[in-house]
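Structural characterization, general
This is what each chain is made of:
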Amino acid sequence: MFSPAIEKQRQQLYAQTAVDTGEGLRAAKEPAEIFGVLRGGMEAIEQTLLQTPAKVRANIACAAGCSHCCKVAVDVQAHEVLLAADYIQVHFNLEQLAGVIERTAAHRQRLAGLTSEERARLIQPCALLDETGRCSIYEDRPEACRVHHTSDADVCAAHLADPRVELDQVFIPALRARLFAVMLGMDSALEAAGFDDRSYDFGSALHEALTNSLCRVLWLRKRPAFSDACLAEVGA
């Protein structure tokens, strides 16, 4: 449970983000404008982090190159995948692009045939980590990556080695509530506007986005952007 003050902030942030995103989507006429609204929502998460009281932010243990949370399965919605794919296609050279496609293809192969429980236990580095352990698409990373912070990286490492170690103990409630409110407000506006709200495995869907240009077209037409093989939950 959150304190009354945090709960009030959470509700206000959720409502305002949902309204702002919904109005932006209704006003957008071209694909570039729609994706501009999405990037605005991502920036709202970053601004909410910066506007969180300094005494709360001081608890964050996360730092560049700390990649414990970048080795587990990540659930995303289609718009997050398309933003990441856009970033890669603009900023990566042909060799780097080929490398991402190869790594995400291997990721899909490793997931093939796994149950949802087995996928959740699978430990493998994200295909977008560079050689220093940093995110190579940091500016357009998924929402889950933006809102995840803890107060002790050692506990994160311990949880990665043994899932029985509770990660909840090092979450930062006052920060988590604010960031999740913005994230969920944006997602709810996209769902209300009729866009694909299915939950996908990030690596699998990213491979499909980078190898099939129709994914973007389907999403803009408010149809499922990716195949069922990319869904986060087997049989969903």
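Residues numbered from 1 in each chain as written. Predicted model: local features only at pLDDT ≥ 70, side-chain atom pairs only at ≥ 80, totals over all residues. Heavy atoms only, no water.

Concerning the overall build of the protein
- Helices and strands together make up the secondary structure of the protein, namely 11 helices and 2 strands.
- Counted from the first residue to the last, the protein has its helices and strands arranged as α-α-α-β-α-α-α-α-α-α-β-α-α.
- The globule rule puts the C-alpha radius of gyration for 236 residues at 18 Å, and the 18 Å found for the protein is close to it.
- Seen through its C-alpha atoms, the protein measures out along the principal axes to roughly 45 × 45 × 35 Å.
- When each of the 236 residues of the protein is scored for burial, the buried share is 41%.
- Restricting to contacts in the protein with at least 6 residues of sequence separation, those with at least 24 account for 80%.
- With an accessible surface of roughly 12400 Å², the protein has 55% of that area assigned to carbon and sulfur atoms.
- The average position of the 24 basic charges and that of the 32 acidic charges among the side chains of the protein differ by 3 Å. (Helix = DSSP H or I, 4+ residues; strand = E, 2+ residues; numbered from the N terminus. Rg over C-alpha atoms; globule rule 2.2 N^0.38 Å. Buried < 20%, exposed > 50% of the residue type's maximum accessible area, 1.4 Å probe, protein only. Contact = heavy atoms within 4.5 Å. Areas by Shrake-Rupley, 256 points an atom, 1.4 Å probe, with all protein chains shown as cover. Lys, Arg positive; Asp, Glu negative; His and termini not counted. Charge placed at Lys NZ, Arg CZ, Asp CG, Glu CD.)

Some details on the packing of helix α4 (residues 78–91) against helix α10 (residues 202–211)
- At a minimum axis distance of 9 Å, the contact between α4 and α10 shows a crossing angle of 55°. Here α10 runs oblique to α4, going by the angle between their axes. α10 is crossed by α4, and the crossing has right-handed handedness. Judged by residue contacts, Val 81, Leu 82, Ala 84, Ala 85, Ile 88 and Gln 89 of α4 engage Phe 202, Ala 205, Leu 206, Ala 209 and Leu 210 from α10.
- Considering only residue class, the contact of α4 with α10 consists of 10 nonpolar, 1 polar and no charged. (Axes fitted to C-alpha atoms, helices over the stretch in contact; angles between N-to-C directions. Parallel < 35°, antiparallel > 145°, perpendicular 65-115°, else oblique. Left-handed = near helix turned anticlockwise from the far one by under 90°. Nonpolar A, V, L, I, M, F, W, Y, C, P; charged D, E, K, R; others polar.)

Observations regarding empty space enclosed by the protein
- Throughout the structure, instances matching the rule amount to 1 cavity of 30 Å³ or more.
- In this model, the largest cavity occupies a volume close to 40 Å³.
- Sort the elements by how many residues they give to the lining of the largest cavity and helix α9 (residues 173–192) lands first, with 3 residues.
- Residues belonging to the lining of the largest cavity are distributed by class as follows: 5 nonpolar, 1 polar and 1 charged. (1 Å grid on protein atoms, 1.4 Å probe; cavity = no way out; pocket = protein on both sides within 12 Å on 5 of 7 lines; lining within 4 Å. Points joined across faces, edges and corners; volume = space filled by probe spheres on them.)

A word on the pattern of salt bridges
- Applying the stated criterion across every chain yields a total of 10 salt bridges.
- Here the residues in one salt-bridge network are Glu 46, Arg 141 and Arg 146, joined through shared partners. (Salt bridge = Lys/Arg side-chain N within 4 Å of Asp/Glu carboxyl O.)

Concerning the packing of aromatic side chains
- Applying the stated criterion across every chain yields a total of 3 aromatic pairs.
- Ring geometry for Phe 195 against Trp 219: centres 4.4 Å apart, planes inclined by 20°, an arrangement best described as stacked. With Phe 195 in the loop between α9 and β2 (200–201) and Trp 219 in helix α11 (residues 214–220), the pair connects residues that are 24 residues apart, well separated along the chain.
- Using a relative accessible area of 7% as the deciding quantity, one classes Phe 195 as buried.
- Plain terms: the ring middles of Tyr 200 and Phe 226 are 5.1 Å apart, the flat faces sit at 85° to each other, and that makes the pair edge-to-face. Of the two residues, Tyr 200 sits in strand β2 while Phe 226 sits in the segment after α11, which places them 26 residues apart along the sequence. The same class applies to Tyr 200 as to Phe 226, namely buried.
- Here the aromatic residues Phe 35, Phe 195 and Trp 219 are joined through ring pairs into a cluster of three or more.
- Lying over the aromatic face of Phe 171, Arg 176 brings its terminal NZ or CZ to 3.8 Å of the ring centre. (Phe/Tyr/Trp six-rings, centres within 6.5 Å; stacked < 30°, edge-to-face > 60°. Lys NZ or Arg CZ within 6 Å of the ring centre and 35° of its normal.)

Overview of the layout of surface pockets
- Here the second largest pocket defines a volume of roughly 250 Å³.
- With 3 residues, the single largest contributor to the lining of the second largest pocket is helix α5 (residues 94–111).
- Class assignment for the residues of the lining of the second largest pocket results in 8 nonpolar, 5 polar and 5 charged.

Details of the environment of Gly 40
- When you line up the elements, Gly 40 lands in helix α2 (residues 31–51).
- For the pair Gly 40 and Gly 24, spaced 16 residues apart in sequence, the C-alpha separation works out to 9.3 Å.

Don't take any of this as a statement about function, it's just geometry.
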